[in-house]
Each structure stands twice: as structure tokens, then as C-alpha cells.
Amino acid sequence: GAGVSQSPSNKVTEKGKDVELRCDPISGHTALYWYRQSLGQGLEFLIYFQGNSAPDKSGLPSDRFSAERTGGSVSTLTIQRTQQEDSAVYLCASSLSSGQSNRFFGPGTRLTVL
Amino acid sequence: SQQGEEDPQALSIQEGENATMNCSYKTSINNLQWYRQNSGRGLVHLILIRSNEREKHSGRLRVTLDTSKKSSSLLITASRAADTASYFCATAGYTSGNTPLVFGKGTRLSVIA
């Protein structure tokens, strides 16, 4: 399958620990997005990568959150010193570079901070 | 902040009935998209309607867009139990490239067999 993949699918961590979430976008998709979805809520935009341009970090909730995209492909979202309110499903999506196209979402990583 | 606001928040219907969900937004858009989410995980794109379109069909789905009212509706005809999911509208603004979509909180649809 050539869809967006995310790992791990579930992550349980203790408050104060750092976590890394990984996203493998669809090959050839130059745009990559991270969203967060808390229980029963809509999607909250976190960060957006487009090609080699500087990422749009306007949605990151605090400086504990950061993301990288290496080689224009795989992306890692890092949350430092996790808090209980960070518990959510973290969704990654990718899309083609041209136009305002639809996004292809991965299955998400469910993060639980104890 | 969320731009799209779906209505109703939850909808329960019998199998075979039609389901209508509405979405309102606040600012000018390039296009509006509807997504489905099963079991709180990955979203699946359903349909995209551009700002210069008024209606679009895809199988049992019909989407309308009224830019003067800044609203859209998603109609699922002859619903099935498998249509049970959360449905989100998302808007894309008028900028170049792929700007982040802004999602609403969704409508939880339950189709009872």
C-alpha cells in the first residue's frame, strides 16, 4: 500500500518524558501536515511543511513541540516534557504540491500521557 | 481556531434514510472538503467542492456550497450501517500552495440497522 503511514500506532508515556512520532507521507507528496485531535474534538492544526520552504509552525501549542522533515520525506514530531493535556491522537497528512488538493491522512498515533 | 462548524453535532437515523449535515464557515475560501473518520483514527477524503461550484455528486453523496451564506451541506442518501462515522468539513483559504485545512468539530452520524 502506498498510503500515509505513522508510527507508533499507540504510545503510552509518563508525564515529563519526551516522545517522537513518525510520519511517512505518500511518495511524491511535497506537502506534509501534522494535526492533533483531542477526544471528541475536531482537528487542530500543528505544523505544515511544503517542499524546501520554511515550515509553518503557527499551530504549535508551545515550545515543547517541534517537528522536522528530513530529505523532504519522513517527518518526526517531537514533544518534550510531555504533559497530560498532550494526550490526543496525532494525525499526519500529505498532499501533492500543485493546487489546493485533498489531503491523505495516516491512521494516527494515539498518545496517552499518564 | 476552527473555521468550519458542523451542525448537528450528532445525528441518529434508521438505515435507508437520508442524512444531512451542515457546515458553516467564516472567511472566504478556495474550496471546501468533507472527510469521514471511523473510530477516531485516520480521516478519509470524501469530496471537494470549489468556491465556483454549487453542487457536486459522488455516489450516494451530494454536497452543496452557498458562498453567499458561507455554508455547505453533505447529504448521504439511502444510508447504511457502514456510514456510521464522524463527518468533518474543512476549508482551504485563498493562498498559493497547500495551506493547512481548517477543520470543524464534526458531526457524529449513527445509522441504525
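Since the model is a prediction, treat every value here as computed from it, not as a measurement. (Residues numbered from 1 in each chain as written. Chains lettered and ligands numbered in written order. Predicted model: local features only at pLDDT ≥ 70, side-chain atom pairs only at ≥ 80, totals over all residues. Heavy atoms only, no water.)

Looking now at the packing of aromatic side chains. In total, this model carries seven aromatic pairs over all chains according to the counting rule given. Seen in terms of ring centroids, A:Phe105 and B:Phe103 are 5.9 Å apart; in terms of plane orientation they differ by 80°. Their pairing is edge-to-face. Here B:Phe103 lies in strand 10 (residues 102–103) and A:Phe105 lies in strand 9 (residues 104–105), a pairing that spans two chains. Like B:Phe103, A:Phe105 is buried. An aromatic cluster is present here, built from A:Tyr35, A:Phe45, A:Phe105, B:Tyr35 and B:Phe103 joined pairwise through their rings. (Phe/Tyr/Trp six-rings, centres within 6.5 Å; stacked < 30°, edge-to-face > 60°. Helix = DSSP H or I, 4+ residues; strand = E, 2+ residues; numbered from the N terminus. Buried < 20%, exposed > 50% of the residue type's maximum accessible area, 1.4 Å probe, protein only.)

The biggest cluster of nonpolar side chains holds 22 residues, and the ones touching the most others in it are B:Leu32, B:Trp34, B:Leu74, B:Ile76, B:Tyr87 and B:Leu109. Breaking this core down by element, the ones donating at least two residues are strand 2 (10–14), strand 3 (19–24), strand 4 (31–37), strand 5 (43–50), strand 7 (61–66), strand 8 (71–76), strand 9 (85–92) and strand 11 (107–112) of chain B. Among all residues touching B:Ile76, those that are not within four sequence positions of it are B:Glu17, B:Asn18, B:Ala19, B:Met21, B:Arg60, B:Leu61, B:Asp83, B:Tyr87 and B:Leu109. Judged by nonpolar contacts, the second largest core, of 20 residues, contains A:Val4, A:Phe65, A:Ala88 and A:Cys92. (Core = buried A, V, L, I, M, F, W, Y, C linked by side-chain atoms within 4.5 Å. Contact = heavy atoms within 4.5 Å.)

The strands that make up a sheet pair up through hydrogen bonds in the backbone, lying either parallel or antiparallel. Residue and element names in this part refer to chain A. Pairing is antiparallel across the open sheet formed by four strands, whose spatial order is 1-3-7-6. If you trace the sheet from one side to the other, it starts and ends with strand 1 (5–7) and strand 6 (65–69), each paired once. Recorded for the sheet is a direction-independent mean angle of 15° between the axes of neighbouring strands. In terms of strand pairing, strand 6 meets strand 7 (residues 75–79) through five bridges, oriented antiparallel. Opposite Ala67, over in strand 7, you have Leu77 as the bridge partner. (Pairing = 2+ DSSP bridges. Axes fitted to C-alpha atoms, helices over the stretch in contact; angles between N-to-C directions.)

So, about the side chain of A:Ser94. Residue and element names in this part refer to chain A. In this structure, Ser94 sits in strand 8 (residues 88–95). On the basis of relative accessibility, which here comes to 0%, the residue Ser94 falls in the buried class. Engagement of the side chain of Ser94 in a polar contact is seen with the side chain of His29, the distance being 2.8 Å. Once residues lying within four places of it in the same chain are set aside, the contact partners of Ser94 are Val4, Pro25, Ile26, His29, Ala31, Leu32, Tyr33, Asn102, Arg103 and Phe104. (Polar contact = N/O pair within 3.5 Å; in protein donor to acceptor, adjacent residues only side chain to side chain.)

Contacts between the two partners involve 30 residues from chain A and, on the opposite side, 26 residues from chain B. Across the interface of chain A and chain B, roughly 1900 Å² is buried in total on both sides, 44% from carbon and sulfur atoms. Viewed at the interface, chain B and chain A are joined by four residue pairs in polar contact (both at pLDDT 80 or more). When contributions to the side of chain A that touches chain B are tallied by element, the ones reaching two or more residues are strand 4 (31–37), strand 5 (43–50), strand 8 and strand 10 (109–113) of chain A. (Buried area = accessible area lost by both parts, 1.4 Å probe.)

A separate point is the state of the cysteines. All names here are of chain B. A full pass over the atoms with the stated rule returns two disulfides over all chains. Residue Cys23 pairs covalently with Cys89 via a disulfide, S to S 2.0 Å. Every disulfide takes its handedness from the sign of the S-S torsion; for Cys23 and Cys89 that torsion is 65°, giving right-handed. Separated by 66 residues along the polypeptide, Cys23 in strand 3 and Cys89 in strand 9 bring together distant segments of the chain. Like Cys23, the residue Cys89 is buried in the burial classification. (Disulfide = S-S within 2.5 Å.)

Residues and elements named next belong to chain B. Spatial ordering of the open sheet is given by 1-3-8-7-6, a layout of five strands whose pairing is antiparallel. Looking at which strands have only one partner, the edges of the open sheet turn out to be strand 1 (5–7) and strand 6 (55–58). Between one strand and the next, the sheet's axes are offset by a mean angle of 20°, whatever the strand orientation. Across four bridges, the pairing between strand 6 and strand 7 is antiparallel. For Lys56, the partnering residue across the bridge sits in strand 7 and is Val63.

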